[in-house]
Every structure is written in C-alpha cells, then in structure tokens.
Amino acid sequence: RRVAAPIVFVREKPLRRAVSAALALALFGFCAFIEARVVFFPSTFTTIISPFIQAGFATLASFLLWSLYFQARLKDYFVPLSVMGVLIGQASLIIGLSSIGYLAGALIITWLWYVLQLLMRFHFGNRDIIWFKQRKFLVINAVLFGFFLSILRFL
C-alpha cells in the first residue's frame, strides 16, 4: 500500500526495487518457459495461444508493479494495460515466428516490457523523476538493445 508521507516513500524505495527485479525475473522465467514449450512441443494451438499468455502475464506484472507506486484500480489503468498487452503480444508473436532461441526471445520480451512499463509509470506520476538520469538510462538501454539484436544473429 502506498502512503503519502515522504519518509515512507524513501523507506519503501528499496522494497519497490526488489519487487521490480523479482517481477522482471518472474516474467523472464515465464516467457522462457512459454517459448521453450513452443519450441520443444510445437503445435498450432501453442503457437497461437502463447503470445496471448505472455501478454496477459506481462500486463499482470505491470499492474502489480504500478500498484506499488499508485492507488491502482483496474478500471483506471485499463487502457494502458491494454496497450501494454497488445505491444507485448505483438513482440511475442514476432519473436515466436523468428528463429532465435527461447532464452534470447524471453530476454527481448522482458527487456521491452521493463522499459515500456517504466515509461508508462513515469507518465502516470511525474513525482521526483530526474529526466536527465532517465534519458541517459534510456539511451544506454537503446544502445545495448541494438547491440544485442545485432549480435543475436551470430549466436
């Protein structure tokens, strides 16, 4: 639960970061499991349904993470969660149709999810955000993501 007092906000920051890391790791593991299931047990049903399952889990993880920062009600965040689900579902579909491995695919989905949910969270609350540091973080992430995608075809 979020309390408006500033000292509680500072005291909760490490917990929020730990929960954020745990959710990202859980999403990575779940996406790797779903991608591996599609690779090792191919069928039309698993290929079609896997992007929807991954998108649903990513939206659930986003809602859980946002509820740490805001008084989250599902009807207030329905549109952003829908956008998140569609984007992650499309990324999952593209990665599922490509020839990259399931761990690399799960890493790409998790990476995109993390940056996307972070940008959406910044959009919801502009409290104590130092955009210069975030700009450096986003540029470094974009460069590393581009580098990862460029060497991925050689792996």
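Residues numbered from 1 in each chain as written. Predicted model: local features only at pLDDT ≥ 70, side-chain atom pairs only at ≥ 80, totals over all residues. Heavy atoms only, no water.

With that settled, the discussion passes to the overall build of the protein chain. Regarding its fold elements, the protein chain presents five helices and zero strands. Secondary structure elements of the protein chain, listed N to C terminal, follow the sequence α-α-α-α-α. Whereas a compact globule of 155 residues would reach a radius of gyration of roughly 15 Å, the protein chain reaches 17 Å, a difference of no more than 12%. For the protein chain, the proportion of its 155 residues judged to be buried stands at 38%. The contacts in the protein chain between residues at least 6 apart in sequence include a share of 69% that link residues at least 24 apart. Surface accessibility of the protein chain: about 9800 Å² in total, with carbon and sulfur atoms responsible for 73%. Taking the average location of the 15 positive side-chain charges in the protein chain and that of its 4 negative ones, the two points are 5 Å from each other. (Helix = DSSP H or I, 4+ residues; strand = E, 2+ residues; numbered from the N terminus. Rg over C-alpha atoms; globule rule 2.2 N^0.38 Å. Buried < 20%, exposed > 50% of the residue type's maximum accessible area, 1.4 Å probe, protein only. Contact = heavy atoms within 4.5 Å. Areas by Shrake-Rupley, 256 points an atom, 1.4 Å probe, with all protein chains shown as cover. Lys, Arg positive; Asp, Glu negative; His and termini not counted. Charge placed at Lys NZ, Arg CZ, Asp CG, Glu CD.)

The probe, sized like a water molecule, is rolled over the atoms to show the empty space still left. Here the structure, examined in full by the defined rule, presents one cavity of 30 Å³ or more. Quantified by volume, the largest cavity comes out at close to 50 Å³. Forming the boundary of the largest cavity are E35, V38, T47, S50, P51, S92, L93, G96 and L97. For the lining of the largest cavity, the elements supplying multiple residues, two or more each, are α1 (6-40), α2 (44-69) and α3 (78-97). When residues of the lining of the largest cavity are assigned to their parent elements, the largest contribution, four residues, is made by α3. A breakdown of the residues in the lining of the largest cavity according to their chemical character gives four nonpolar, four polar and one charged. (1 Å grid on protein atoms, 1.4 Å probe; cavity = no way out; pocket = protein on both sides within 12 Å on 5 of 7 lines; lining within 4 Å. Points joined across faces, edges and corners; volume = space filled by probe spheres on them. Nonpolar A, V, L, I, M, F, W, Y, C, P; charged D, E, K, R; others polar.)

What follows covers the environment of L112. Along the chain, L112 falls in helix α4 (residues 102-124). Classification of L112 by relative accessible area gives partly exposed; the value is 33%. Residues L112 and E35 lie 77 residues apart in sequence; the distance between their C-alpha atoms is 16 Å. Among all residues touching L112, those that are not within four sequence positions of it are I88, A91 and F145.

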